[in-house]
Amino acid sequence: MGRRGRGGHGGHHGGAWKVAYADFVTAMMALFLVLWLTGLTTKDQKKSIADFFKDPSIFGQGKGVMKGQETPVNATIVDNPPMGIQPVPDVQSPPASTESISAEIQEALMEGSLWPFRDSIQVKETPEGIELSVVEKAKKVLFDSGAAAPSPRTIDILKAIARELKGISNHIMIGGHTDAHPLALRTGYTNWELSADRANKARTILEQSGMAPARMWAVRGFASTHPINEKDPFASENRRISIVILKN
C-alpha cells in the first residue's frame, strides 16, 4: 500500500511539471513572436504594438480601426497608383443654362473678344440650344468659292469663339451651310460634301484653339437646305458655319 501511495504522489507531481513546461514554451513563443514582429515592422507599427500591450482597448471595439488612425486595419493602402494609371479628377462643371450662355455671348459681342466680328456673328435660341451663326458678308468671305479651307478672317472668328466657349461644359454641334449654287468642280462633289468639309474644318480650328474634343457632339453638312435668307437661296449670308451650344 505504501508503494501505491508513493506511486500516486509521484503521478501528481509529474503532471505539475508538464503544466509548468507548457507555460514556459508558450512564453518563449510569445517572446519569439514579439522579436520577429519588431524585426519586420516600421517605427510607427512598433509603437502601435507597444501601445497594444499597454492598453488593448486602443484598437477599438469591433470597428477594426486603431486609435489615431482613419484607415481600417484590413484595408489595402496604395500610396501611388500602378505605372501607366493616373487618377483623373472629375472637375467638369455642370452644363450652363441657355440664358447664361446667351448673356455671355451678347456681352462678348458688345464689348468683349467677339466685338470686332459682331457684323459676322448672329445669335439665336433654337430647340437644341443657343446657335451662333458665322455668316458671310460682302467682301468678307468665309471660304473661297467651292473650297473647304477657311479664310484668315474665318480662322480669327473661330478662335475668338473658342476662347469664349472654353469655360462652358455643354456639348457642341457644328454645321456647314452653302448657298443654292451648284458646284461644277468635279464629279460627285456636291454642296453636301462641301458643307460637311467646311464644318469639319471649323471643328479642327475650335479644338486647336483650346476647346476639348470630348465636347464635340456632331459635325454635320446641311448644303443649302437651311438658308437664313429664305427668300433668296443664293444670298451670300446663307453661306455660313453654325455652332450650337446644346442644352444638355
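Residues numbered from 1 in each chain as written. Predicted model: local features only at pLDDT ≥ 70, side-chain atom pairs only at ≥ 80, totals over all residues. Heavy atoms only, no water.

Attention shifts here to the overall build of the chain. Looking only at helices and strands, the chain features five helices and five strands. A total of 248 residues make up the chain; the buried ones form 29% of that total. The long-range share in the chain, meaning contacts at least 24 apart out of those at least 6 apart in sequence, stands at 67%. Summed over all atoms, the accessible surface of the chain reaches about 16600 Å², with 59% contributed by carbon and sulfur. (Helix = DSSP H or I, 4+ residues; strand = E, 2+ residues; numbered from the N terminus. Buried < 20%, exposed > 50% of the residue type's maximum accessible area, 1.4 Å probe, protein only. Contact = heavy atoms within 4.5 Å. Areas by Shrake-Rupley, 256 points an atom, 1.4 Å probe, with all protein chains shown as cover.)

Turning our eyes to something else, we now look at the nonpolar core. One finds I105, I161, L165, I243 and I245 to be the most contacted residues of the largest nonpolar core, which totals 30 residues. Every element with two or more residues in this core is listed here: α3 (98-111), β2 (129-135), α4 (152-165), β3 (172-177), α5 (191-208) and β5 (240-246). Looking at which element gives the most residues to this core, the answer is α4, with six residues. Apart from the residues within four sequence positions on either side, I245 is in contact with I101, I105, E128, G129, I130, L132, L165, I168, N170, H171 and I172. (Core = buried A, V, L, I, M, F, W, Y, C linked by side-chain atoms within 4.5 Å.)

Our focus in this paragraph is α4. The α-helix advances 3.6 residues per turn, and as a result positions three or four apart in sequence lie on the same side. Between the first and last C-alpha of α4 there are 20 Å, a value that for 14 residues agrees with the 20 Å anticipated at 1.5 Å per step. T154, I157, L158, A160, I161, A162, E164 and L165 are the residues of α4 that are buried. Summarising the contacts, the buried residues of α4 are in contact with α3, β1 (121-125), β2, β3, α5 and β5. (Expected span 1.5 Å × (residues − 1).)

Moving on, we get to unusual backbone geometry. Of note, the phi angle at A223 is positive, near 55°, even though the residue is not glycine. With respect to the helices and strands, A223 occurs in the loop between β4 (216-221) and β5.

Let us look at the packing of α4 against α5. Across the interface, α4 lies against α5 with an axial gap of 9 Å and an inter-helix angle of 50°. Classified by the angle their axes make, α4 and α5 are oblique. The two elements α4 and α5 meet at a crossing, and its hand is right-handed. Side by side, α4 and α5 meet where I155, L158, K159 and A162 of the first sit next to A202, I205 and L206 of the second. Looking at the contact of α4 with α5 residue by residue, the classes come out as six nonpolar, no polar and one charged. (Axes fitted to C-alpha atoms, helices over the stretch in contact; angles between N-to-C directions. Parallel < 35°, antiparallel > 145°, perpendicular 65-115°, else oblique. Left-handed = near helix turned anticlockwise from the far one by under 90°. Nonpolar A, V, L, I, M, F, W, Y, C, P; charged D, E, K, R; others polar.)

Let's shift gears to the pattern of salt bridges. All told, the structure shown has five salt bridges when counted by the stated rule. The salt bridge partner of E128 is R220, with a shortest N-O separation of 3.9 Å. A residue pair is termed long-range when its members are at least 10 positions apart, and E128 in the loop between β1 and β2 and R220 in strand β4 qualify at 92 residues. The class for R220 is partly exposed, based on a relative accessible area of 32%. Two residues, R239 and D179, come together in a salt bridge whose shortest N-O distance is 2.3 Å. Of the two residues, R239 is situated in the loop between β4 and β5 and D179 in the loop between β3 and α5; the sequence distance between them amounts to 60 residues. (Salt bridge = Lys/Arg side-chain N within 4 Å of Asp/Glu carboxyl O.)

This brings us to the pairing of β3. In terms of residue burial, β3 counts as a mostly covered element, since six of its six residues are buried. Judged from the six bridges that link them, β3 and β5 form a sheet pairing that is antiparallel. Following the sheet pairing, I174 is matched in β5 by I243. (Pairing = 2+ DSSP bridges.)

Our next topic: the confidence of the model for the chain. Parts of the prediction with low pLDDT should not have their coordinates interpreted in detail. Mean pLDDT over the chain works out to 77, with 69% of the residues at or above the 70 mark. Ignoring residues within four places in sequence, the model shows residues 1-8, a span with pLDDT below 50, making zero contacts including any to other chains. pLDDT under 50 marks residues 58-91. Its contacts with residues more than four places away, or in other chains, come to 22 contacts. (pLDDT = per-residue confidence, 0-100.)

A contiguous nonpolar patch, built from Y21, F24, V25 and M29 and spanning about 430 Å² of accessible area, is present on the exposed surface. Structurally, M29 is set in helix α1 (residues 2-40). (Patch = residues over 30% accessible without salt bridge, like charges linked within 9 Å, V, L, I, M, F, W, Y side chains within 5 Å.)

Of the voids in this model, the second largest pocket is the one considered here, and its volume is about 370 Å³. At the level of elements, β1, β2, β3 and β5 are the ones that each hand at least two residues to the lining of the second largest pocket. By residue number, the principal contributor to the lining of the second largest pocket is β3, which donates four residues. Of the residues in the lining of the second largest pocket, the class split is eight nonpolar, seven polar and six charged. (1 Å grid on protein atoms, 1.4 Å probe; cavity = no way out; pocket = protein on both sides within 12 Å on 5 of 7 lines; lining within 4 Å. Points joined across faces, edges and corners; volume = space filled by probe spheres on them.)

With 18 residues, α5 extends 26 Å between its outermost C-alpha atoms, agreeing within 8% with the 26 Å of an ideal straight helix rising 1.5 Å per residue. Residues of α5 that are buried: N191, L194, S195, R198, A199, A202, I205 and L206. Summarising the axial view, the buried residues of α5 lie within an arc of 130°, below the 170-degree limit, and thus occupy one face. On its buried face, α5 sits against α4, β3, β4 and β5. Positive phi shows up at G210, right after α5, with a value of about 110°. (Arc of directions from axis to C-beta.)

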